[in-house]
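Coordinate inspection notes
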Amino acid sequence: MPRPPVTFATARLAARPPRPEDAPAVLASYAGDPDVTRHLLWPPYERHEPLAAFFAERAAQWEKGDNHIAWLLMFKGTATPIGSIAVTFEPTGSAMFGYLIAKNFWGRGLATEALQYLVDWSLAQKEIFRSWAY
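Please read all numbers here as calculations on a predicted model, not as lab measurements.

1. Brief notes about the nonpolar core
Phe8, Tyr30, Leu51, Trp71 and Ile85 are the most contacted members of the largest nonpolar core, which has 37 residues in total. Of all the elements in the fold, those that place two or more residues in this core are strand E2 (13-16), helix H1 (23-31), helix H3 (48-64), strand E3 (68-75), strand E4 (83-90), strand E5 (94-101) and helix H4 (110-123). For this core, the leading source of residues is H4, giving 7 residues.

2. Here's the deal with the packing of aromatic side chains
The tally for this structure, following the rule as stated, stands at 7 aromatic pairs. Ring geometry for Trp62 versus Trp71: centroids 5.6 Å apart, planes at 80°, classification edge-to-face. Following the ring pairs from residue to residue traces out a cluster consisting of Phe8, Trp62, Trp71 and Tyr117.

3. Describing H3
Spanning 17 residues, H3 covers 24 Å between terminal C-alpha atoms, matching the ideal 24 Å at 1.5 Å per step. Looking only at H3, the buried set comprises Leu51, Ala52, Phe55, Arg58, Gln61 and Trp62. For H3, the angular spread of the buried residues around the axis is 170°, confining them to a single face. Facing away from the buried side of H3, by more than 90 degrees, are the exposed residues Glu63 and Lys64. The secondary structure elements touched by the buried residues of H3 are H1 and E3. In the stretch just after H3, Gly65 is the one whose phi turns positive, near 75°.

4. Comments concerning the environment of Ala31
Looking at the element boundaries, Ala31 is found in helix H1. On the accessibility criterion, Ala31 (1% relative accessible area) is buried. Expressed as a C-alpha distance, the spacing of Ala31 and Ser84, which sit 53 residues apart in the sequence, is 9.7 Å. With residues up to four places along the chain from it excluded, the contact list for Ala31 reads Val26, Thr37, Trp42, Pro44, Tyr45 and Leu51.

5. A short note on the sheet that holds E5
Taken in spatial order, the 6 strands of this open sheet run E1-E2-E3-E4-E5-E6, and their pairing is mixed. Since the sheet does not close on itself, it has two edges, and those belong to strand E1 (8-9) and strand E6 (130-133), each with one partner. Where E1 and E2 come together, 2 bridges link them in antiparallel fashion. Pairing of Ala9 across the sheet is with Ala14, part of E2. Helix-sheet contacts for H4 involve E1, E2, E3, E4, E5 and E6, and the interaxial angle to E5 is about 165°.

6. Side note on the packing of H1 against H3
It is the contact of H1 with H3, at a shortest axis distance of 9 Å, that shows an interaxial angle of 110°. When the interaxial angle is binned, H1 and H3 end up roughly perpendicular. Listed contacts from H3 to Ala23, Pro24, Val26, Leu27 and Ala31 of H1 are His48, Leu51, Ala52 and Phe55. In terms of residue class, the contact of H1 with H3 is built from 8 nonpolar, 1 polar and no charged.

The rules behind the values
Residues numbered from 1 in each chain as written. Predicted model: local features only at pLDDT ≥ 70, side-chain atom pairs only at ≥ 80, totals over all residues. Heavy atoms only, no water. Core = buried A, V, L, I, M, F, W, Y, C linked by side-chain atoms within 4.5 Å. Buried < 20%, exposed > 50% of the residue type's maximum accessible area, 1.4 Å probe, protein only. Helix = DSSP H or I, 4+ residues; strand = E, 2+ residues; numbered from the N terminus. Phe/Tyr/Trp six-rings, centres within 6.5 Å; stacked < 30°, edge-to-face > 60°. Expected span 1.5 Å × (residues − 1). Arc of directions from axis to C-beta. Contact = heavy atoms within 4.5 Å. Pairing = 2+ DSSP bridges. Axes fitted to C-alpha atoms, helices over the stretch in contact; angles between N-to-C directions. Parallel < 35°, antiparallel > 145°, perpendicular 65-115°, else oblique. Nonpolar A, V, L, I, M, F, W, Y, C, P; charged D, E, K, R; others polar.

Listed below in structure tokens is the structure:
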């Protein structure tokens, strides 16, 4: 399994792994919004504590080099998360991406911008021959 970049930047965005202390800001930005989470496997969060526990799991996955890697997205020069993007590497040689953006930032091409960076990165890896998103 390839090792993705821990951080990355695009023209407008910076990305880094989530940390448990990000939970209150992420809850306020998008994780508690039923419109943003409508098509996800998890319901909107109502409290930041379970989200902090989830972020702690994500941090452990980064440490282990697990096959599900997530980043928080924020505008360059800011520390406020506006979304998230993740990749799962499948044994078939593919990279599956999922993403979400806070509703007040929809329609600006931000998810596309982050996804384009990661798709380009993934397809440059010899172990990956297919990238797709949901």
